[in-house]
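Given next are the chains, with one letter for each unit.
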Amino acid sequence: MSEWSTKKIEECAEILDHLRIPVNEEERSANPGTTPYFGANGIQGYINGWLFDEPLILMAEDGGYFEDFATRPIAYRISGKSWVNNHAHILRPKPNICFNYLFYSLEHKNITPFIKGGTRAKLNQKELREVEILVPTCKERQKNISLILQTVDKAIEQTEALIEKYSLVKAGMMHDLFTRGLTPDGKLRPPREEAPDLYTETPSGWFPKEWDHKKLKSLYKNPIRDFGSFSSTNLITFLKDGVPFIKSEMIKEEEVDWSSVSYISEKVHAMLSKSHVQKGQILFSKIGSALGKAVLYDGAAGVCNSNAAVAKIEVDQSVIEPQFLEVFLNSKFARKQFELMIVSLLPRINLGDIDKLLIQVPSPDEQKMICKRYNALKTKLLLEKDNLKKLQLQKSGLMHDLLTGQVHVKLNDPEAADV
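Just so it is clear, the structure is predicted and the values come from calculations on it, not from any experiment.

### Some points on the side chain of R20
Consideration 1: You can see R20 is positioned in the loop between strand 2 (13–15) and helix 2 (25–30).
Consideration 2: Overall, the relative accessible area of 18% leaves R20 in the buried class.
Consideration 3: Separated by 3.0 Å, the side chain of R20 and the backbone oxygen of A88 make a polar contact.
Consideration 4: If sequence neighbours within four positions are ignored, R20 has contacts with L51, E61, V84, N85, N86, H87, A88, H89 and I90.

What follows is the structure, encoded as C-alpha coordinates:
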(Lines give C-alpha, C1' and ligand atoms only; values in the text may rest on other atoms or scores of the structure.)
Protein backbone atom coordinates (compact mmCIF):
# COMPACT_ATOMS: atom_id res chain seq x y z
CA MET A 1 0.00 0.00 0.00
CA SER A 2 3.04 2.31 -0.19
CA GLU A 3 1.76 3.28 -3.65
CA TRP A 4 -1.36 4.70 -1.99
CA SER A 5 -1.89 7.53 0.44
CA THR A 6 -4.80 8.89 2.47
CA LYS A 7 -5.77 12.41 1.48
CA LYS A 8 -8.33 14.91 2.67
CA ILE A 9 -10.76 16.42 0.17
CA GLU A 10 -9.09 19.81 0.52
CA GLU A 11 -5.86 18.18 -0.69
CA CYS A 12 -7.60 16.64 -3.70
CA ALA A 13 -9.82 19.45 -4.96
CA GLU A 14 -10.49 23.15 -5.04
CA ILE A 15 -13.78 23.92 -3.34
CA LEU A 16 -15.63 26.56 -5.37
CA ASP A 17 -18.56 27.16 -3.04
CA HIS A 18 -17.89 30.91 -2.99
CA LEU A 19 -18.97 31.05 -6.64
CA ARG A 20 -22.44 29.58 -6.02
CA ILE A 21 -25.45 31.80 -6.55
CA PRO A 22 -28.91 30.59 -5.45
CA VAL A 23 -31.86 31.80 -7.55
CA ASN A 24 -35.42 31.02 -6.48
CA GLU A 25 -37.98 29.51 -8.83
CA GLU A 26 -39.85 32.77 -9.33
CA GLU A 27 -36.67 34.55 -10.41
CA ARG A 28 -35.73 31.66 -12.73
CA SER A 29 -39.18 31.80 -14.33
CA ALA A 30 -38.67 35.51 -14.94
CA ASN A 31 -35.27 34.83 -16.52
CA PRO A 32 -35.81 31.62 -18.54
CA GLY A 33 -32.98 29.92 -20.36
CA THR A 34 -31.44 26.56 -21.27
CA THR A 35 -28.63 26.34 -18.70
CA PRO A 36 -29.17 23.53 -16.14
CA TYR A 37 -29.66 24.85 -12.61
CA PHE A 38 -28.19 22.28 -10.20
CA GLY A 39 -28.95 21.57 -6.55
CA ALA A 40 -28.07 18.88 -4.01
CA ASN A 41 -29.13 15.89 -6.11
CA GLY A 42 -29.35 17.05 -9.71
CA ILE A 43 -31.10 19.50 -12.01
CA GLN A 44 -33.65 21.73 -10.29
CA GLY A 45 -34.65 23.64 -13.40
CA TYR A 46 -33.15 25.90 -16.06
CA ILE A 47 -31.91 29.48 -16.18
CA ASN A 48 -30.46 32.09 -18.49
CA GLY A 49 -26.68 32.64 -18.29
CA TRP A 50 -24.15 30.44 -16.51
CA LEU A 51 -21.63 30.37 -13.67
CA PHE A 52 -19.40 27.52 -14.91
CA ASP A 53 -18.41 25.94 -18.20
CA GLU A 54 -16.22 22.97 -17.27
CA PRO A 55 -16.41 19.46 -15.79
CA LEU A 56 -17.12 19.63 -12.05
CA ILE A 57 -18.13 17.32 -9.22
CA LEU A 58 -21.11 18.35 -7.10
CA MET A 59 -21.63 16.93 -3.64
CA ALA A 60 -24.75 17.50 -1.56
CA GLU A 61 -24.41 20.01 1.26
CA ASP A 62 -27.91 19.43 2.61
CA GLY A 63 -30.83 17.36 1.40
CA GLY A 64 -28.46 14.64 0.18
CA TYR A 65 -28.91 10.88 0.41
CA PHE A 66 -26.38 10.66 3.24
CA GLU A 67 -28.07 7.76 5.07
CA ASP A 68 -28.69 5.86 1.81
CA PHE A 69 -25.15 6.34 0.48
CA ALA A 70 -24.77 2.63 -0.40
CA THR A 71 -27.64 2.65 -2.90
CA ARG A 72 -28.05 6.33 -3.83
CA PRO A 73 -25.29 8.74 -4.89
CA ILE A 74 -24.25 11.65 -2.70
CA ALA A 75 -22.12 13.16 -5.50
CA TYR A 76 -22.56 13.55 -9.25
CA ARG A 77 -20.71 14.92 -12.28
CA ILE A 78 -21.62 17.87 -14.48
CA SER A 79 -20.03 19.41 -17.56
CA GLY A 80 -20.63 22.29 -19.96
CA LYS A 81 -22.46 25.49 -19.04
CA SER A 82 -24.04 25.23 -15.60
CA TRP A 83 -25.44 27.14 -12.63
CA VAL A 84 -25.17 25.76 -9.08
CA ASN A 85 -27.17 26.78 -6.02
CA ASN A 86 -26.09 26.76 -2.38
CA HIS A 87 -27.27 23.19 -1.63
CA ALA A 88 -24.33 21.52 -3.39
CA HIS A 89 -20.59 21.77 -2.80
CA ILE A 90 -18.57 22.35 -5.98
CA LEU A 91 -15.30 20.45 -6.45
CA ARG A 92 -12.64 20.96 -9.10
CA PRO A 93 -9.96 18.21 -8.86
CA LYS A 94 -6.37 19.38 -8.47
CA PRO A 95 -3.82 18.54 -11.23
CA ASN A 96 -2.51 15.41 -9.49
CA ILE A 97 -6.03 13.94 -9.08
CA CYS A 98 -7.95 12.18 -11.85
CA PHE A 99 -11.42 13.74 -12.21
CA ASN A 100 -13.29 10.43 -12.44
CA TYR A 101 -11.25 8.83 -9.66
CA LEU A 102 -12.31 11.58 -7.27
CA PHE A 103 -15.91 11.24 -8.40
CA TYR A 104 -16.04 7.48 -7.84
CA SER A 105 -14.34 7.89 -4.47
CA LEU A 106 -17.19 10.17 -3.37
CA GLU A 107 -20.22 8.82 -5.24
CA HIS A 108 -21.20 6.27 -2.56
CA LYS A 109 -18.94 7.27 0.31
CA ASN A 110 -20.13 6.99 3.88
CA ILE A 111 -19.76 10.52 5.26
CA THR A 112 -22.35 10.23 8.03
CA PRO A 113 -19.70 10.88 10.76
CA PHE A 114 -19.18 14.31 9.20
CA ILE A 115 -22.87 15.24 8.98
CA LYS A 116 -24.28 17.83 11.34
CA GLY A 117 -27.77 17.11 12.68
CA GLY A 118 -30.69 19.41 13.31
CA THR A 119 -33.88 19.72 11.29
CA ARG A 120 -31.96 19.09 8.05
CA ALA A 121 -28.82 16.93 7.85
CA LYS A 122 -25.94 19.01 6.52
CA LEU A 123 -22.35 18.56 5.38
CA ASN A 124 -20.69 21.87 6.20
CA GLN A 125 -17.67 22.94 4.16
CA LYS A 126 -15.46 22.68 7.24
CA GLU A 127 -16.32 18.99 7.60
CA LEU A 128 -16.16 18.41 3.84
CA ARG A 129 -12.53 19.49 3.83
CA GLU A 130 -11.73 16.82 6.43
CA VAL A 131 -13.33 13.90 4.57
CA GLU A 132 -10.61 11.41 3.62
CA ILE A 133 -10.20 9.14 0.60
CA LEU A 134 -7.55 6.61 -0.39
CA VAL A 135 -5.63 7.74 -3.49
CA PRO A 136 -2.98 5.99 -5.65
CA THR A 137 0.09 8.24 -5.79
CA CYS A 138 0.38 7.45 -9.52
CA LYS A 139 -2.25 9.35 -11.53
CA GLU A 140 -2.06 6.74 -14.28
CA ARG A 141 -3.33 4.12 -11.83
CA GLN A 142 -6.16 6.47 -10.84
CA LYS A 143 -7.11 6.70 -14.52
CA ASN A 144 -7.03 2.92 -15.02
CA ILE A 145 -9.29 2.36 -12.03
CA SER A 146 -11.69 4.99 -13.36
CA LEU A 147 -11.75 3.35 -16.78
CA ILE A 148 -12.84 0.01 -15.31
CA LEU A 149 -15.66 1.66 -13.36
CA GLN A 150 -16.70 3.73 -16.38
CA THR A 151 -17.08 0.53 -18.40
CA VAL A 152 -19.53 -0.82 -15.82
CA ASP A 153 -21.30 2.55 -15.71
CA LYS A 154 -21.76 2.43 -19.48
CA ALA A 155 -23.34 -1.02 -19.23
CA ILE A 156 -25.63 0.27 -16.45
CA GLU A 157 -26.69 3.26 -18.57
CA GLN A 158 -27.43 1.02 -21.57
CA THR A 159 -29.51 -1.30 -19.39
CA GLU A 160 -31.40 1.63 -17.85
CA ALA A 161 -32.13 2.89 -21.37
CA LEU A 162 -33.54 -0.52 -22.33
CA ILE A 163 -35.71 -0.55 -19.19
CA GLU A 164 -37.05 2.90 -20.03
CA LYS A 165 -37.73 1.79 -23.61
CA TYR A 166 -39.57 -1.38 -22.56
CA SER A 167 -41.51 0.55 -19.92
CA LEU A 168 -42.76 3.01 -22.54
CA VAL A 169 -43.62 0.19 -24.93
CA LYS A 170 -45.43 -1.60 -22.08
CA ALA A 171 -47.49 1.49 -21.28
CA GLY A 172 -48.47 1.89 -24.93
CA MET A 173 -49.25 -1.80 -25.28
CA MET A 174 -51.43 -1.76 -22.16
CA HIS A 175 -53.47 1.08 -23.65
CA ASP A 176 -53.95 -0.79 -26.93
CA LEU A 177 -54.72 -4.16 -25.32
CA PHE A 178 -57.26 -2.69 -22.92
CA THR A 179 -59.04 -0.53 -25.48
CA ARG A 180 -58.79 -2.62 -28.66
CA GLY A 181 -58.06 -6.13 -27.48
CA LEU A 182 -57.05 -8.93 -29.85
CA THR A 183 -58.90 -10.72 -32.62
CA PRO A 184 -58.83 -14.56 -32.78
CA ASP A 185 -55.75 -14.40 -35.05
CA GLY A 186 -53.86 -12.47 -32.36
CA LYS A 187 -53.95 -9.06 -34.02
CA LEU A 188 -55.09 -5.79 -32.51
CA ARG A 189 -58.52 -4.65 -33.64
CA PRO A 190 -58.42 -1.59 -35.89
CA PRO A 191 -58.65 1.67 -33.89
CA ARG A 192 -62.13 3.06 -33.32
CA GLU A 193 -61.43 5.93 -35.71
CA GLU A 194 -61.02 3.39 -38.52
CA ALA A 195 -63.73 0.93 -37.50
CA PRO A 196 -66.31 2.62 -35.22
CA ASP A 197 -68.80 -0.24 -35.72
CA LEU A 198 -66.49 -2.54 -33.70
CA TYR A 199 -66.80 -0.46 -30.53
CA THR A 200 -69.40 0.65 -28.03
CA GLU A 201 -69.32 3.48 -25.48
CA THR A 202 -69.38 2.64 -21.76
CA PRO A 203 -69.13 4.80 -18.61
CA SER A 204 -65.37 4.08 -18.72
CA GLY A 205 -64.85 4.89 -22.41
CA TRP A 206 -65.02 3.10 -25.76
CA PHE A 207 -64.38 -0.65 -25.85
CA PRO A 208 -64.93 -3.58 -28.24
CA LYS A 209 -68.61 -4.56 -28.57
CA GLU A 210 -67.89 -8.18 -27.67
CA TRP A 211 -66.60 -7.27 -24.22
CA ASP A 212 -68.80 -7.43 -21.14
CA HIS A 213 -68.91 -4.49 -18.75
CA LYS A 214 -69.15 -5.82 -15.17
CA LYS A 215 -68.81 -4.65 -11.61
CA LEU A 216 -65.90 -6.30 -9.84
CA LYS A 217 -68.23 -7.75 -7.21
CA SER A 218 -69.91 -9.92 -9.85
CA LEU A 219 -66.55 -11.59 -10.65
CA TYR A 220 -65.77 -12.82 -7.13
CA LYS A 221 -65.45 -16.50 -6.30
CA ASN A 222 -65.61 -15.59 -2.63
CA PRO A 223 -66.61 -12.24 -1.10
CA ILE A 224 -63.68 -9.84 -0.79
CA ARG A 225 -61.97 -10.31 2.53
CA ASP A 226 -61.55 -7.65 5.19
CA PHE A 227 -60.33 -7.97 8.78
CA GLY A 228 -61.34 -4.88 10.68
CA SER A 229 -60.73 -6.47 14.08
CA PHE A 230 -57.08 -6.99 13.18
CA SER A 231 -56.49 -3.60 11.58
CA SER A 232 -53.89 -2.59 14.15
CA THR A 233 -50.50 -4.24 13.90
CA ASN A 234 -49.54 -2.75 17.27
CA LEU A 235 -51.03 -5.85 18.90
CA ILE A 236 -48.80 -8.19 16.89
CA THR A 237 -45.27 -9.14 17.89
CA PHE A 238 -43.06 -9.39 14.81
CA LEU A 239 -40.26 -11.93 14.60
CA LYS A 240 -37.16 -12.51 12.45
CA ASP A 241 -38.58 -15.76 11.12
CA GLY A 242 -41.93 -17.50 10.87
CA VAL A 243 -44.99 -16.82 8.71
CA PRO A 244 -44.49 -13.84 6.34
CA PHE A 245 -46.74 -10.88 7.17
CA ILE A 246 -47.58 -8.66 4.19
CA LYS A 247 -48.19 -4.98 4.88
CA SER A 248 -49.83 -2.68 2.36
CA GLU A 249 -46.62 -0.75 1.65
CA MET A 250 -45.00 -3.98 0.43
CA ILE A 251 -47.40 -4.18 -2.52
CA LYS A 252 -45.82 -2.81 -5.66
CA GLU A 253 -47.24 -2.91 -9.16
CA GLU A 254 -47.35 -6.64 -10.02
CA GLU A 255 -44.89 -7.66 -7.29
CA VAL A 256 -44.47 -7.93 -3.55
CA ASP A 257 -41.43 -6.20 -2.06
CA TRP A 258 -40.11 -8.94 0.22
CA SER A 259 -37.07 -6.87 1.27
CA SER A 260 -39.07 -5.30 4.11
CA VAL A 261 -41.11 -8.33 5.19
CA SER A 262 -41.80 -9.09 8.86
CA TYR A 263 -42.86 -12.43 10.35
CA ILE A 264 -45.36 -13.70 12.90
CA SER A 265 -45.51 -16.96 14.83
CA GLU A 266 -47.52 -19.97 13.68
CA LYS A 267 -49.74 -19.50 16.73
CA VAL A 268 -50.62 -15.89 15.83
CA HIS A 269 -51.04 -16.93 12.20
CA ALA A 270 -53.61 -19.54 13.23
CA MET A 271 -55.47 -16.94 15.32
CA LEU A 272 -55.62 -14.58 12.34
CA SER A 273 -57.27 -17.18 10.11
CA LYS A 274 -59.42 -14.61 8.30
CA SER A 275 -56.37 -12.75 7.03
CA HIS A 276 -54.52 -15.69 5.43
CA VAL A 277 -53.03 -15.01 2.00
CA GLN A 278 -53.00 -17.84 -0.51
CA LYS A 279 -51.84 -18.50 -4.05
CA GLY A 280 -54.15 -17.12 -6.72
CA GLN A 281 -55.47 -14.21 -4.63
CA ILE A 282 -55.03 -10.65 -5.83
CA LEU A 283 -53.64 -8.44 -3.07
CA PHE A 284 -54.95 -4.90 -3.27
CA SER A 285 -53.64 -2.00 -1.18
CA LYS A 286 -56.50 0.08 0.24
CA ILE A 287 -54.41 2.68 2.03
CA GLY A 288 -50.92 4.17 2.35
CA SER A 289 -48.06 4.72 -0.08
CA ALA A 290 -49.13 1.76 -2.27
CA LEU A 291 -52.77 2.89 -2.47
CA GLY A 292 -54.56 1.30 -5.42
CA LYS A 293 -51.77 -1.10 -6.41
CA ALA A 294 -52.45 -4.77 -6.99
CA VAL A 295 -50.42 -7.97 -7.25
CA LEU A 296 -51.40 -11.55 -8.04
CA TYR A 297 -49.83 -13.66 -5.29
CA ASP A 298 -47.93 -16.55 -6.88
CA GLY A 299 -47.56 -18.56 -3.68
CA ALA A 300 -43.75 -18.53 -3.80
CA ALA A 301 -43.51 -17.63 -0.09
CA GLY A 302 -46.12 -20.18 0.98
CA VAL A 303 -49.15 -19.25 3.04
CA CYS A 304 -48.82 -15.70 4.39
CA ASN A 305 -50.75 -13.27 6.51
CA SER A 306 -51.57 -9.60 6.03
CA ASN A 307 -52.96 -6.55 7.73
CA ALA A 308 -56.35 -4.93 7.20
CA ALA A 309 -54.96 -2.45 4.69
CA VAL A 310 -54.62 -5.33 2.21
CA ALA A 311 -57.79 -6.60 0.52
CA LYS A 312 -57.69 -10.09 -0.98
CA ILE A 313 -59.68 -10.69 -4.14
CA GLU A 314 -60.58 -14.21 -5.29
CA VAL A 315 -62.26 -14.34 -8.69
CA ASP A 316 -64.23 -16.91 -10.63
CA GLN A 317 -61.57 -18.09 -13.06
CA SER A 318 -64.16 -19.39 -15.49
CA VAL A 319 -65.14 -15.76 -16.09
CA ILE A 320 -61.94 -13.80 -15.65
CA GLU A 321 -58.24 -14.64 -15.58
CA PRO A 322 -56.68 -13.49 -12.27
CA GLN A 323 -53.70 -12.03 -14.12
CA PHE A 324 -55.98 -10.13 -16.50
CA LEU A 325 -57.65 -8.52 -13.49
CA GLU A 326 -54.27 -7.83 -11.86
CA VAL A 327 -53.06 -5.97 -14.93
CA PHE A 328 -56.36 -4.14 -15.28
CA LEU A 329 -56.29 -2.99 -11.64
CA ASN A 330 -52.83 -1.48 -12.25
CA SER A 331 -53.92 0.25 -15.46
CA LYS A 332 -54.91 3.87 -15.94
CA PHE A 333 -58.49 2.75 -16.60
CA ALA A 334 -58.79 1.50 -13.02
CA ARG A 335 -56.70 4.39 -11.70
CA LYS A 336 -59.25 6.92 -12.98
CA GLN A 337 -61.98 5.16 -11.04
CA PHE A 338 -59.85 4.91 -7.90
CA GLU A 339 -59.28 8.67 -7.91
CA LEU A 340 -63.04 9.18 -7.51
CA MET A 341 -63.21 6.65 -4.68
CA ILE A 342 -60.38 7.93 -2.48
CA VAL A 343 -61.48 9.41 0.84
CA SER A 344 -59.60 12.73 0.92
CA LEU A 345 -59.19 13.18 4.69
CA LEU A 346 -57.21 9.94 4.98
CA PRO A 347 -56.40 8.63 1.49
CA ARG A 348 -57.97 5.17 1.33
CA ILE A 349 -60.34 3.11 -0.80
CA ASN A 350 -63.26 1.46 0.97
CA LEU A 351 -64.30 -2.12 0.25
CA GLY A 352 -67.74 -1.05 -0.90
CA ASP A 353 -66.17 1.13 -3.57
CA ILE A 354 -63.83 -1.66 -4.72
CA ASP A 355 -66.93 -3.84 -5.23
CA LYS A 356 -68.36 -1.22 -7.62
CA LEU A 357 -65.24 -0.98 -9.79
CA LEU A 358 -66.22 -1.38 -13.47
CA ILE A 359 -64.20 -3.98 -15.38
CA GLN A 360 -64.12 -4.58 -19.13
CA VAL A 361 -64.22 -8.36 -19.59
CA PRO A 362 -63.28 -9.96 -22.94
CA SER A 363 -63.94 -13.63 -23.61
CA PRO A 364 -61.74 -16.11 -21.69
CA ASP A 365 -59.78 -16.91 -24.86
CA GLU A 366 -59.12 -13.25 -25.59
CA GLN A 367 -58.07 -12.66 -21.98
CA LYS A 368 -55.51 -15.47 -22.32
CA MET A 369 -54.14 -13.98 -25.55
CA ILE A 370 -53.89 -10.53 -23.97
CA CYS A 371 -52.04 -11.95 -20.95
CA LYS A 372 -49.66 -13.90 -23.21
CA ARG A 373 -48.83 -10.79 -25.26
CA TYR A 374 -48.37 -8.76 -22.09
CA ASN A 375 -46.18 -11.41 -20.42
CA ALA A 376 -43.78 -11.56 -23.36
CA LEU A 377 -42.85 -7.91 -22.89
CA LYS A 378 -43.02 -8.13 -19.10
CA THR A 379 -40.44 -10.95 -19.22
CA LYS A 380 -38.05 -8.76 -21.22
CA LEU A 381 -38.52 -5.90 -18.77
CA LEU A 382 -37.93 -8.13 -15.73
CA LEU A 383 -34.83 -9.61 -17.37
CA GLU A 384 -33.32 -6.16 -17.88
CA LYS A 385 -34.22 -5.12 -14.33
CA ASP A 386 -32.47 -8.26 -13.08
CA ASN A 387 -29.44 -7.43 -15.26
CA LEU A 388 -29.41 -3.93 -13.79
CA LYS A 389 -29.32 -5.28 -10.23
CA LYS A 390 -26.43 -7.57 -11.15
CA LEU A 391 -24.48 -4.72 -12.74
CA GLN A 392 -25.09 -2.48 -9.74
CA LEU A 393 -23.83 -5.22 -7.42
CA GLN A 394 -20.82 -5.73 -9.68
CA LYS A 395 -20.05 -2.02 -9.58
CA SER A 396 -20.41 -1.93 -5.80
CA GLY A 397 -17.95 -4.81 -5.44
CA LEU A 398 -15.50 -3.28 -7.89
CA MET A 399 -15.62 0.09 -6.15
CA HIS A 400 -14.83 -1.55 -2.83
CA ASP A 401 -11.94 -3.56 -4.28
CA LEU A 402 -10.46 -0.95 -6.62
CA LEU A 403 -10.80 2.16 -4.46
CA THR A 404 -9.16 0.48 -1.49
CA GLY A 405 -6.29 -1.10 -3.40
CA GLN A 406 -7.40 -4.64 -2.58
CA VAL A 407 -7.25 -5.47 -6.29
CA HIS A 408 -4.09 -4.36 -8.06
CA VAL A 409 -4.55 -2.44 -11.32
CA LYS A 410 -1.76 -2.45 -13.89
CA LEU A 411 -0.33 0.75 -15.34
CA ASN A 412 0.13 -0.37 -18.95
CA ASP A 413 -3.42 0.07 -20.26
CA PRO A 414 -3.17 2.65 -23.08
CA GLU A 415 -6.95 3.18 -23.10
CA ALA A 416 -6.72 4.84 -19.70
CA ALA A 417 -4.84 7.79 -21.11
CA ASP A 418 -8.05 9.60 -22.03
CA VAL A 419 -9.99 8.93 -18.82
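### Considerations on the packing of aromatic side chains
Consideration 1: All told, the structure shown has 10 aromatic pairs when counted by the stated rule.
Consideration 2: Their ring planes at 55° and their centres at 5.1 Å tell us that F103 and Y104 sit as a pair that is tilted. Of the two residues, F103 and Y104, both sit in the buried class.
Consideration 3: Here F207 and F333 contribute two aromatic rings whose centre-to-centre distance is 6.1 Å and whose plane-to-plane angle is 70°, an arrangement assigned as edge-to-face. Remark: F333 occurs in helix 8 (residues 332–341) and F207 occurs in strand 12 (residues 205–208); sequence separation between them is 126 residues.

### Points about the nonpolar core
Consideration 1: If you look at the biggest cluster of nonpolar residues, it comprises 45 residues, and the most contacted ones within it are L216, F284, I313, L325, L329 and I359.
Consideration 2: I359 has contacts with D212, H213, K214, L216, L219, I320, L325 and F328, leaving out every residue within four places of it along the chain.
Consideration 3: Formed by 33 residues, the second largest nonpolar core is a distinct cluster that contains W4, A13, I145 and V409.

### Here's the deal with the sheet that holds strand 19 (residues 276–277)
Consideration 1: If you walk across this open sheet you meet the four strands as 18-15-22-19, and the pairing is mixed. This sheet does not close on itself; its edge strands, each paired only once, are strand 18 (262–264) and strand 19.

### Details of the pattern of salt bridges
Consideration 1: Summed over all chains, the structure comprises 19 salt bridges.
Consideration 2: Among the salt bridges present, the one from K395 reaches E107, with a minimum N-O distance of 2.9 Å. Of this pair, K395 sits in helix 10 (residues 364–402) while E107 sits in helix 3 (residues 99–107), placing them 288 residues apart in sequence.
Consideration 3: You can call K395 buried: its relative accessible area is 7%.
Consideration 4: A network of salt bridges, in which partner residues are shared, links D17, R20, E61 and K122.

### Examining the sheet that holds strand 7 (residues 75–78)
Consideration 1: The four strands are arranged 2-9-6-7 in an open sheet whose pairing can be described as antiparallel. Since the sheet does not close on itself, it has two edges, and those belong to strand 2 and strand 7, each with one partner. For this sheet, the mean inter-axis angle between neighbouring strands, taken without regard to orientation, is 35°.
Consideration 2: The pairing of strand 6 (residues 56–60) with strand 9 (residues 88–93) spans four bridges and is antiparallel. Residue L58 lies in a different strand from strand 9, and its bridge partner there is I90.
Consideration 3: Against the sheet, helix 3 contacts strand 2, strand 6, strand 7 and strand 9, and its axis sits at roughly 150° relative to strand 7.

Each value, and the rule that gives it
Residues numbered from 1 in each chain as written. Predicted model: local features only at pLDDT ≥ 70, side-chain atom pairs only at ≥ 80, totals over all residues. Heavy atoms only, no water. Helix = DSSP H or I, 4+ residues; strand = E, 2+ residues; numbered from the N terminus. Buried < 20%, exposed > 50% of the residue type's maximum accessible area, 1.4 Å probe, protein only. Polar contact = N/O pair within 3.5 Å; in protein donor to acceptor, adjacent residues only side chain to side chain. Contact = heavy atoms within 4.5 Å. Phe/Tyr/Trp six-rings, centres within 6.5 Å; stacked < 30°, edge-to-face > 60°. Core = buried A, V, L, I, M, F, W, Y, C linked by side-chain atoms within 4.5 Å. Pairing = 2+ DSSP bridges. Salt bridge = Lys/Arg side-chain N within 4 Å of Asp/Glu carboxyl O. Axes fitted to C-alpha atoms, helices over the stretch in contact; angles between N-to-C directions.

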